[in-house]
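Each chain, letter by letter, is given below.
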Amino acid sequence: MTLVLSVVLVALIFEYINGFHDTANSIATVVSTKVLTPRMAIALAALTNLVGALFGTAVAKTISSGLVDSAYVTAQTIICALVGGIIWNLITWWFGLPSSSSHALVGGLAGATLATASGNWSVLIWSKAPEAGKHWYDGSGILYKVVVPMVSSPLAGLVLGFLIMSFLYLLISTLNHFFGWLKPRMVGAWFGKLQIVSAAGMGFSHGMNDAQKTMGIIALALVAGTKAGDLANIPDWLGFLRIDSLGAKSDQIPVWIKVTCALVMAAGTAAGGWRIIKTLGHKLVKLQPVHGFAAETTAATVLLAAAHYGMPVSTTHAITTSIMGVGAAKRLNAIKWGVVTRIIWAWVLTIPVTALLGYLLFKMFGTPVA
């Protein structure tokens, strides 16, 4: 029982770090455009993260039952996966790199599970093709839920950000041509108000996607603990910790898990993440309220679509490529490509490094499953 509860504690620590590590994703643009003060932006992000985390469970179910064989997932496996993700998150946070907490968790889980199974690669669910007549995103496994979205969501953010910003430029130019009274200060004031709405949408979608990862991990740990009998002798008042399974229909992520993860992420968000805010909001491209509105609207759209289909995509990738797309619509040299290169390297390394960390941590401290 102690080990299972330790998993829950470490998972909540990961969620807290995820909150302040990814704070920049939802507030960097609204801070850099000076529409909101940092304190106001963090309060908005914490509130919208909290609300978003309470909606939907598709991502949580993917993490808890769609990526690895749960028969080889023990409490030790999950702790090693989480610690691997925490180490990588703290390293990238220290250097101000907006890496993906989603992919850090997926990589850690894959590596730790592989070590638990003594190197048996079949424990990783690579892909389960969708049923006949279904779209590709109805498939499951690492290919459909992680790899494909890992490529498609940044591309979607880049292209959609470019298109939305180009449309706004055209709209503003057309209005100014016919009416002649649309001054830069007026445009900034209008989009400053709209950006508060888009920032709220970004925070909501971030909570809906990112908080659910930890929900899935906690649910997976409690299912494993229940099946192993670790929770058989707990007092009746702790009976809510027992979860027999997470079926596709009737069994949902328990409400107490959703609320707890939502509150912890909101607390982490309130702690802030200024190193990453500086990278996204100031170093990547110079932003005005109209650019911030376009980037946040783009990223929120990508994240909400991904959460709906249970894809644990990177909030970081979505907002960063959205900002890049918006900057490219302005002009290509508006983007600081040296910063982009550093960010891309962090993206490429996240899953391999966290998988290796999860694997090595389990090899050092865990007991393999026969």
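Residues numbered from 1 in each chain as written. Predicted model: local features only at pLDDT ≥ 70, side-chain atom pairs only at ≥ 80, totals over all residues. Heavy atoms only, no water.

1. Points about the overall build of the protein chain
So, point 1. Secondary structure assignment for the protein chain yields 13 helices and zero strands.
So, point 2. When the helices and strands of the protein chain are listed from N to C terminus, the series reads α-α-α-α-α-α-α-α-α-α-α-α-α.
So, point 3. Looking at the protein chain residue by residue over its 370 residues, the buried ones come to 55%.
So, point 4. Taking the contacts inside the protein chain whose residues are at least 6 apart along the sequence as the reference set, 82% of them involve residues at least 24 apart.
So, point 5. Carbon and sulfur atoms form 70% of the exposed surface of the protein chain, whose accessible area is close to 15,600 Å². (Helix = DSSP H or I, 4+ residues; strand = E, 2+ residues; numbered from the N terminus. Buried < 20%, exposed > 50% of the residue type's maximum accessible area, 1.4 Å probe, protein only. Contact = heavy atoms within 4.5 Å. Areas by Shrake-Rupley, 256 points an atom, 1.4 Å probe, with all protein chains shown as cover.)

2. Structural notes on the nonpolar core
So, point 1. Ile-78, Leu-82, Ile-217, Ile-218, Leu-222 and Ile-257 are the most contacted members of the largest nonpolar core, which has 54 residues in total.
So, point 2. Elements represented by at least two residues in this core include exactly α1 (2–21), α5 (75–94), α6 (101–116), α7 (142–179), α8 (184–228), α9 (255–271) and α13 (337–365).
So, point 3. Membership of the second largest hydrophobic core comes to 23 residues, among which are Val-187, Val-290, Ala-294 and Ala-329. (Core = buried A, V, L, I, M, F, W, Y, C linked by side-chain atoms within 4.5 Å.)

3. With respect to the side chain of Thr-298
So, point 1. Relative to the assigned elements, Thr-298 resides in helix α11 (residues 289–308).
So, point 2. Polar contacts involving the side chain of Thr-298 include one to the main-chain carbonyl oxygen of Ala-294, which spans 2.8 Å.
So, point 3. Ignoring anything within four residues of it in the chain, the contact list for Thr-298 reads Ala-156, Gly-157, Leu-160, Gly-161, Ile-164 and Ser-322. (Polar contact = N/O pair within 3.5 Å; in protein donor to acceptor, adjacent residues only side chain to side chain.)

4. Let's talk about unusual backbone geometry
So, point 1. A positive phi is found at Ser-118, a non-glycine position, where the angle reads about 55 degrees.
So, point 2. Relative to the helices and strands, Ser-118 is located in the loop between α6 and α7.

5. Quick look at the confidence of the model for the protein chain
So, point 1. Residues with a pLDDT of 70 or more make up 86% of the protein chain, whose mean pLDDT is 81.
So, point 2. Of all helices and strands in the protein chain, the one with the weakest mean pLDDT is helix α10 (residues 274–283) (57), whereas α6 scores best (91). (pLDDT = per-residue confidence, 0-100.)

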